[in-house]
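The lines below spell out each chain.
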Amino acid sequence: MAQLSPLLKQATPVQAARGEGVYLYDTDGRRHLDFTAGIGVTSTGHCHPTVVAAAQEQVATLIHGQYTTVMHQPLLTLVERMGDVLPEGIDSVFFTNSGSEAVEASVRLARQATGRQLIVAFDGGFHGRTMGAAALTTSGAKIRAGIGPMMGGVAFAPFPYAYRYGWSEEQAVAFALSELDRQLASTAPASDVAAFIVEPVLGEGGYVPTPPAFLHGLRERADRHGILLIADEVQTGYGRTGKFWGHQHAEGLTPDIIVTAKGLASGFPLSAIAAPKALMEKAWPGSQGGTYGGNAVACAAALATLEVVQGEGLVENARVQGEKLLAGVRDAAQGIAAIGDVRGRGLMVGIEFVDADGKPDGATAAKVHAAAAAQGLLLLTCGVHGNVVRMIPALVVTAEQVDEGLALWTKALNDALS
């Protein structure tokens, strides 16, 4: 009898039978408040009627039209509609299946377009599990361990994680940019660097918002040295941070390449990279493609997702409810020495647990995480040491559901720490 791989460990004990909005119902009929959103994927909530109807209609019409063999209308319409939300000047899109694939496509494009080989990534970043994407990832040893040698041509620079350094944000940014300059003058020569790749909020690395000043510093150095700037918006895109794209918190900044996935299609596998046409056409013939990329059903779901995100004002809702959630979590943390930091941007909120010496405390984070699940609140952990509990509700979450989540979180803290 075949079995699921024993390495696929569940973050919660729930066996989901169905989902509706921000709730999951298990096989016993118990309702759980889902503040994981499938790791930020179900942006419009579970089974949004508009997305369901679009997918059902498409399944009955055309399931798979392989996009280098034939073309289909859902794909063409999605490209057109994405033009309404992409930054000005970014007008060419390539679709694939997963965030990892899109990241690797962005690296391929950057290297071919510039004729350079080095990619500079940043400490704590997560860019995927496939071999190329894992080579860019330092959010935890489990992504890289036991599979070396890793893909070459990658350098890592410090990320301005102010809490970890014990500095102000300004000090952390100044340090990180200074160290980047040192690397560009030494171990990662600027003339050899094809691109910087950065998340607008560290995801698996601990839910640390990237300071706008750091993003502007990267943009300035990229322009000065002829380097491309890749924004990995797999987790931050499509309204998650309270702006449509996470990099838009750095006002006036536009990356050269945007990578998007997760919330793009409300749970259907779809990802993309977007860039100016003049840059995209520098990719070499045959370098973009894939059997399932741009699947017709996934594209139909993505079109419906975009309709819901815009029509229901979900970007603004993410901003408003994110502020409410962050304030509530900070209130709940008052007087709890085990919580070292609470941070967030939009509906990405992280709670960092530390021991009496201020060192990362993954055991306590796991204990609180389990207590929350027992209360019916589904959360995830992250961070290099697994000591950050993160909240990622769907963008449709209401003020009342935020209050419900905060009440359950408070009970979980009391149960785990009393």
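Residues numbered from 1 in each chain as written. Predicted model: local features only at pLDDT ≥ 70, side-chain atom pairs only at ≥ 80, totals over all residues. Heavy atoms only, no water.

Peer 1: Before we move on, can you summarise the nonpolar core with the specific residues and values?
Peer 2: Of all hydrophobic cores here, the largest spans 94 residues; its most connected members are Phe-353 and Trp-409. Counting residues per element, this core draws most heavily on helix α10 (residues 296–311), which supplies 9 residues. Setting aside chain neighbours within four positions, we find Trp-409 in contact with Val-329, Ala-332, Ile-351, Phe-353, Val-368, Leu-377, Leu-379, Val-389 and Met-391. Counting residues in hydrophobic clusters, the runner-up holds 27 residues, among them Phe-122, Leu-202, Leu-218 and Leu-229. (Core = buried A, V, L, I, M, F, W, Y, C linked by side-chain atoms within 4.5 Å. Buried < 20%, exposed > 50% of the residue type's maximum accessible area, 1.4 Å probe, protein only. Helix = DSSP H or I, 4+ residues; strand = E, 2+ residues; numbered from the N terminus. Contact = heavy atoms within 4.5 Å.)

Peer 1: Requested: an account of the pattern of salt bridges, with residues and values cited.
Peer 2: Following the criterion strictly, the structure yields 15 salt bridges and no others. With its nearest N and O atoms 3.3 Å apart, the salt bridge here joins Glu-179 to Arg-182. Here the residue Glu-179 and the residue Arg-182 both occupy positions in helix α7 (residues 169–184), the gap between them amounting to 3 residues, near one helical turn. The network of salt bridges with shared partners includes Asp-181, Glu-220, Arg-221 and Arg-224. (Salt bridge = Lys/Arg side-chain N within 4 Å of Asp/Glu carboxyl O.)

Peer 1: Lay out the packing of helix α12 (residues 362–375) against helix α13 (residues 399–417) in plain terms, naming residues and giving numbers.
Peer 2: Relative orientation of the contacting elements α12 and α13 amounts to 125°, with a least axis distance of 8 Å. In terms of their interaxial angle, α12 and α13 are classed as oblique. Taken as a pair, α12 and α13 cross one another with a handedness that is right-handed. Of the residues in α13, those touching α12 at Thr-364, Lys-367, Val-368, Ala-371, Ala-372 and Gln-375 are Leu-408, Trp-409, Lys-411, Ala-412, Leu-413, Asp-415, Ala-416 and Leu-417. Partitioning the contact of α12 with α13 into residue classes produces 9 nonpolar, 2 polar and 3 charged. (Axes fitted to C-alpha atoms, helices over the stretch in contact; angles between N-to-C directions. Parallel < 35°, antiparallel > 145°, perpendicular 65-115°, else oblique. Left-handed = near helix turned anticlockwise from the far one by under 90°. Nonpolar A, V, L, I, M, F, W, Y, C, P; charged D, E, K, R; others polar.)

Peer 1: Break down the sheet that holds strand β6 (residues 154–157) for me, citing the residues and quoting the values.
Peer 2: If you trace the 7 strands from one edge of the open sheet to the other, you get β4-β12-β11-β10-β7-β5-β6, paired in mixed fashion. Since the sheet does not close on itself, it has two edges, and those belong to β4 (92–96) and β6, each with one partner. This sheet shows a mean twist of 20° between the axes of neighbouring strands, independent of strand direction. With 5 bridges joining them, β4 and strand β12 (residues 271–275) adopt antiparallel strand pairing. Of the residues in β12, the one forming a bridge with Phe-94 is Ile-273. In this fold helix α8 (residues 212–225) packs onto β5 (118–122), β7 (193–198) and β10 (228–232), with an angle of close to 170° to the strand it touches most, β7. (Pairing = 2+ DSSP bridges.)

Peer 1: Hey, could you go over the sheet that holds strand β13 (residues 339–344) for me, with residue numbers and the actual values?
Peer 2: Here we have 4 strands laid out as an open sheet, ordered β13-β14-β17-β16, and antiparallel in their pairing. Only two strands of the sheet have a single partner each, and these edge strands are β13 and β16 (380–382). Taken pair by pair, the neighbouring strands of this sheet meet at an average axis angle of 25°, ignoring direction. The sheet contact formed by strand β14 (residues 349–353) and strand β17 (residues 388–391) spans 4 bridges and is antiparallel. Its bridge partner lying in β17, Val-349 is registered against Met-391. The strands touched by helix α11 (residues 314–333) within the sheet are β13, β14 and β17, with β13 carrying the most contacts at an inclination of about 170°.

Peer 1: Account for the state of the cysteines, naming residues and giving values.
Peer 2: Inspection of every chain in the model, using the stated rule, returns 0 disulfides. Free cysteine Cys-299: the closest other cysteine sulfur is in Cys-47, separated by 20 Å. Taking the relative accessible area as the measure of exposure, Cys-299 reaches 0% and is therefore buried. (Disulfide = S-S within 2.5 Å.)

Peer 1: How would you sum up the side chain of Thr-236? Please name residues and give values.
Peer 2: On the secondary structure map, Thr-236 appears in the loop between β10 and β11 (257–260). Reaching out from Thr-236, the side chain makes a polar contact with the side chain of Glu-233 at a distance of 2.5 Å. Excluding residues that lie within four positions of it along the chain, Thr-236 makes contacts with Pro-200, Val-201, Thr-241, Phe-244, Gly-246 and Met-348. (Polar contact = N/O pair within 3.5 Å; in protein donor to acceptor, adjacent residues only side chain to side chain.)

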